[in-house]
Amino acid sequence: MATERTLSIIKPDATRRNLTGKINARFEEAGLRIVAQKRVQLTKAQAEQFYSVHKERSFFGELVAFMISGPVVVQVLEGEGAVARNREIMGATNPANAAPGTIRADFAESVEANSVHGSDSAENAAIEIAYFFAGSEIVG
Ligand code: DAT
Ligand code: MG
């Protein structure tokens, strides 16, 4: 499997509870390298655009409100099969369904406040990384 990059976001429920370091340790222990990282307060427009694929869903308004409810940490993770590897260690969207030992099983508060975002395909990873980072900000 090739070396890949994926976009990760540590969401407001996790930054609020000071879990950034514990979550980053999960990535590093899984062999993913944090090759870019910044803490930002998303605007409503940014959150709406980032999650625009979900704009017709009933939960869209709540999702956007949650994502701007506090700072997030946006980051690029790099490693072998990074997109799928990150989805594995994140766990299922709903923490009630997330496998034991995954980030969401251990830290998420609810299906909405589920602590982390991870790109779901290599194609979307490239789009999401470019949304937040200039090439010069990613140092592998
Ligand atoms: P994921 O974040 O696992 O890729 P997704 O892309 O289907 O999941 O949805 C994006 C986010 O939207 C998800 O992390 C939390 C929120 N969400 C998804 N389904 C939801 C639901 N049924 N109720 C409330 N929020 C939901
Ligand atoms: Mg998704």
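Preceding this section is the structure that the text describes.
Residues numbered from 1 in each chain as written. Chains lettered and ligands numbered in written order. Predicted model: local features only at pLDDT ≥ 70, side-chain atom pairs only at ≥ 80, totals over all residues. Heavy atoms only, no water.

Regarding the site of ligand 1
All residues in the neighbourhood of ligand 1 are listed as K11, Y51, H54, F59, L63, R87, T93, R104, V111 and N114. Contact between ligand 1 and H54: an oxygen atom at 3.0 Å from a side-chain N or O atom of the residue. Here an oxygen atom of ligand 1 sits 2.9 Å away from a polar atom, N or O, in the side chain of N114. Out of a free accessible area of 520 Å², ligand 1 has 76% covered by protein chains. For the shell around ligand 1, the class distribution of residues is four nonpolar, three polar and three charged. (Near = heavy atom within 4 Å. Polar contact = N/O pair within 3.5 Å; in protein donor to acceptor, adjacent residues only side chain to side chain. Areas by Shrake-Rupley, 256 points an atom, 1.4 Å probe, with all protein chains shown as cover. Nonpolar A, V, L, I, M, F, W, Y, C, P; charged D, E, K, R; others polar.)

A look at the pairing of strand β1 (residues 3–10)
Relative to strand β3 (residues 72–80), β1 is paired through eight bridges, and the arrangement is antiparallel. Within the sheet, the bridge partner assigned to I9 lies in β3 and is V74. Relative to strand β4 (residues 116–118), β1 runs antiparallel, the two being bridged by three bridges. By the bridge assignment, S8 is partnered in β4 with G118. (Pairing = 2+ DSSP bridges. Helix = DSSP H or I, 4+ residues; strand = E, 2+ residues; numbered from the N terminus.)

Things to note about the packing of aromatic side chains
This model, assessed by the stated rule, comprises four aromatic pairs. Pairing F50 with Y131 gives two aromatic rings, centres 6.1 Å apart and planes at 35°, and the pair type is tilted. You can see F50 sitting in helix α3 (residues 44–50) and its partner Y131 sitting in helix α7 (residues 122–132), a full 81 residues away along the chain. Seen from their ring centres, F50 and F132 are 5.5 Å apart, and the 50° between their planes marks the pair as tilted. With F50 in helix α3 and F132 in helix α7, this pair connects stretches of sequence that are 82 residues apart. F132 shares its class with F50; the two are buried. Aromatic ring contacts, followed pair by pair, group F50, Y51, Y131 and F132 into a single cluster. One residue, K38, lies across the ring of F133, its end atom 4.7 Å from the ring centre. (Phe/Tyr/Trp six-rings, centres within 6.5 Å; stacked < 30°, edge-to-face > 60°. Buried < 20%, exposed > 50% of the residue type's maximum accessible area, 1.4 Å probe, protein only. Lys NZ or Arg CZ within 6 Å of the ring centre and 35° of its normal.)

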